[in-house]
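# Architecture at a glance
One letter stands for each residue in the lines below.
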Number of protein chains: 2
Amino acid sequence: MKFAVLGTGSVGQTLARKLVDLGYAAIMGSRSADNEKAAAFVNEAGGLATTGTFAEAAAIADIVIVCTHGAATLDALALAGAENLAGKILIDVTNPLDFSNGFPPTLLPAYTQSSLAEAVQAAHPKARVVKTLNTVNAAIMVDPQRLSEPGDIFVSGNDADAKAQTIDLLKQFGWPDPVDLGDITTARGTEHYLPLWVRLMGPAGGANFNIKIVK
Amino acid sequence: MKFAVLGTGSVGQTLARKLVDLGYAAIMGSRSADNEKAAAFVNEAGGLATTGTFAEAAAIADIVIVCTHGAATLDALALAGAENLAGKILIDVTNPLDFSNGFPPTLLPAYTQSSLAEAVQAAHPKARVVKTLNTVNAAIMVDPQRLSEPGDIFVSGNDADAKAQTIDLLKQFGWPDPVDLGDITTARGTEHYLPLWVRLMGPAGGANFNIKIVK
């Protein structure tokens, strides 16, 4: 199984490292084939990690994960190419946050009445988009068991098989029981939660936390 | 201690009943003095409960709680009268939700880059606004101990004394350790969480749930 990881920031590097640790091939995709962060990662991660442009990574992969800044997500996927995404599971872990006025960010105005995940699905109707992992930071995404308890992780998407395969991957990451919220419009819930997430960092004593449903 | 409860829906009735149970006077405020829901509540709740217009209720009260629909909050407070709110703790439990397109609601467009709580504070600069309880339904607001564990409840506000008194009230409601998120702008976090809250009702099996920070 080959994964394209589109985005070379901390989320992309953390996800790619976890995938390699699990024995999967991970192609780090970036805007240019000579991206320094991607090259450094590959040097360190060894044989299962490679690099390429967004399009090269998406073309080779069985499953594509997009983890750019939210403001860059649609551009990155356009560069990846609709033909390279068609029929594939496209896991969207991005958030539509606007950091132009500093921290804490606000929601990007374009997505306050809907969601970035819906825009991704609309731009790539043949891709099978699953929104997940956008409610925790990179370290928790791939190792929720480091918390006192993992809390809940959510999936949203229109394709049942794509969600089932994503949930299987999440379980390999350490999430015991991912919560299926419903179709891709339910990503509005997890994306709009981010303005609370950024304000829980203080009470939580850092970014390594999650929320758990109590009933 | 006298509380004005502005709003006669399920949240208002539940809060007023709890306040009466705790031995406080509760004045149910509504648009008209002959509101049927308020009158029915008072008949049932007994001596500590009374009714009045928004202005009458706010004028008599030591602490004002606003629990109208979010779209009606600023109007209700305008009718309550700035002079009747000046200097008082104004607990805002409302959410800026737009139900005009059905369920689930979206965020009211006017508040997606800020919060209704900030608009309330701006409209009534002499009131000491505290946002809280807007992240749970009415039954949980006043009885979090009915859950397997209460989870976390949040307060936002600019006035430290107002937050401390509100936290004391929350403890009487059964919240062991309310989380102070910071100034009134932090209400953006709890208000924008609502699109997730409405989508957790399915997985949670109903509206009686909360979230807990795990770290």
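What you see is a predicted model, and the numbers here were worked out from it, not measured in a lab.

## A few points about the interface of chain A and chain B
- Contact residues are listed per partner, giving 34 residues for chain A and 34 residues for chain B.
- Taken together, both faces of the contact between chain A and chain B bury some 3,000 Å²; the carbon and sulfur share is 64%.
- Our count for the contact surface shared by chain A and chain B stands at 2 salt bridges.
- Between K212 of chain B and E149 of chain A there is a salt bridge, with its nearest N and O atoms 3.1 Å apart.
- Inspection of the chain A/chain B interface yields 13 residue pairs in polar contact (both at pLDDT 80 or more).
- Of all the elements in the fold, those that place two or more residues in the side of chain A that touches chain B are strand 7 (106-107), strand 10 (179-182), helix 9 (187-192), helix 10 (194-204) and strand 11 (210-214) of chain A.
- It is helix 10 of chain A that contributes the most residues to the side of chain A that touches chain B, 6 residues altogether.
- Its residues placed into classes, the side of chain A that touches chain B shows 17 nonpolar, 12 polar and 5 charged.
- Across 5 bridges, strand 11 of chain A lies against strand 11 (residues 210-214) of chain B in antiparallel orientation.

## Some points on unusual backbone geometry
All names here are of chain A.
- Residue P104 is reached from F103 by a cis peptide bond, and omega for that bond is -5°.
- Along the chain, P104 turns up in the loop between strand 6 (97-98) and strand 7.
- Non-glycine residue L133 carries a positive phi angle of around 65°.

## Observations regarding the sheet that holds strand 4 (residues 63-66) of chain B
- Strand order in the open sheet made by the 8 strands is 3-2-1-4-5-8-9-10 (chain B), with mixed pairing throughout. Unpaired on one side and paired on the other, strand 3 (49-53) and strand 10 (179-182) of chain B mark the two borders of the sheet. The sheet shows a mean angle of 25° between the axes of neighbouring strands, direction not considered.
- Strand contacts of helix 10 of chain A: strand 9 (154-157) and strand 10 of chain B, with the helix running at about 115° to strand 10 of chain B, the strand carrying the most contacts.
- Those strands touched by helix 2 (residues 36-45) of chain B are strand 2 (25-30) and strand 3 of chain B, and its axis lies near 160° from that of strand 3 of chain B.

## Section: the sheet that holds strand 1 (residues 2-6) of chain A
Residues and elements named next belong to chain A.
- As summarised here, the arrangement of the 8 strands in space is 3-2-1-4-5-8-9-10, forming an open sheet in which the pairing is mixed. In the strand order of this sheet, the two ends are held by strand 3 (49-53) and strand 10, each with one partner. The average angle at which neighbouring strand axes cross in this sheet is 25°, direction not considered.
- Pairing of strand 8 (residues 128-132) with strand 9 (residues 154-157), which is carried by 3 bridges, proceeds in the antiparallel orientation. Its bridge partner being in strand 9, V130 is matched across the sheet by G157.
- In the packing of helix 2 (residues 36-45) onto the sheet, the strands contacted are strand 2 (25-30) and strand 3, and the crossing angle to strand 3 comes to about 160°.

## Some points on helix 8 (residues 160-173) of chain B
All names here are of chain B.
- Helix length check: helix 8 (14 residues) gives 20 Å between terminal C-alpha atoms against 20 Å at 1.5 Å per residue, within 8%.
- Taken together, the buried positions of helix 8 are occupied by A162, K163, T166, I167, L169, L170 and F173. An end-on view of helix 8 places all buried positions within 160° of arc, on one side of the element.
- The N-cap of helix 8, judged by a side-chain oxygen 3.1 Å from the amide nitrogen of D161 a few residues on, is D159.
- Where helix 8 terminates, the next one or two residues include G174, which has phi positive at roughly 115°.

## Points about the packing of aromatic side chains
- The final tally for this structure, using the stated rule, is 4 aromatic pairs over all chains.
- Each ring, one from F3 of chain A and one from Y24 of chain A, has its centre 5.2 Å from the other, and the planes form 65°; the classification is edge-to-face. You can see F3 of chain A sitting in strand 1 and its partner Y24 of chain A sitting in the loop between helix 1 (10-21) and strand 2, a full 21 residues away along the chain. The same class applies to F3 of chain A as to Y24 of chain A, namely buried.
- Ring geometry for W197 of chain B and F209 of chain B: centres 5.3 Å apart, planes at 20°, overall stacked. In this pair, W197 of chain B is assigned in helix 10 (residues 194-204) and F209 of chain B in the loop between helix 10 and strand 11, connecting sequence segments 12 residues apart.

## A word on the relation of the copies chain A and chain B
- For the pair chain A and chain B, the relating rotation is 180°, the translation along its axis is 0.0 Å, and the fit reaches an RMSD of 0.0 Å. With respect to symmetry, the two chain copies, as superposed, fit the operation of a two-fold axis. Within chain A, Y193 of chain A has its C-alpha nearest the rotation axis, a separation of 2.3 Å.
- Mapped onto chain B, 100% of the interface residues of chain A are again interface residues, and the two copies thus contact each other with one and the same surface.

About the criteria used
Residues numbered from 1 in each chain as written. Chains lettered and ligands numbered in written order. Predicted model: local features only at pLDDT ≥ 70, side-chain atom pairs only at ≥ 80, totals over all residues. Heavy atoms only, no water. Contact = heavy atoms within 4.5 Å. Buried area = accessible area lost by both parts, 1.4 Å probe. Salt bridge = Lys/Arg side-chain N within 4 Å of Asp/Glu carboxyl O. Polar contact = N/O pair within 3.5 Å; in protein donor to acceptor, adjacent residues only side chain to side chain. Helix = DSSP H or I, 4+ residues; strand = E, 2+ residues; numbered from the N terminus. Nonpolar A, V, L, I, M, F, W, Y, C, P; charged D, E, K, R; others polar. Pairing = 2+ DSSP bridges. Axes fitted to C-alpha atoms, helices over the stretch in contact; angles between N-to-C directions. Expected span 1.5 Å × (residues − 1). Buried < 20%, exposed > 50% of the residue type's maximum accessible area, 1.4 Å probe, protein only. Arc of directions from axis to C-beta. Phe/Tyr/Trp six-rings, centres within 6.5 Å; stacked < 30°, edge-to-face > 60°. Least-squares fit on C-alpha atoms with pLDDT ≥ 70 in both.

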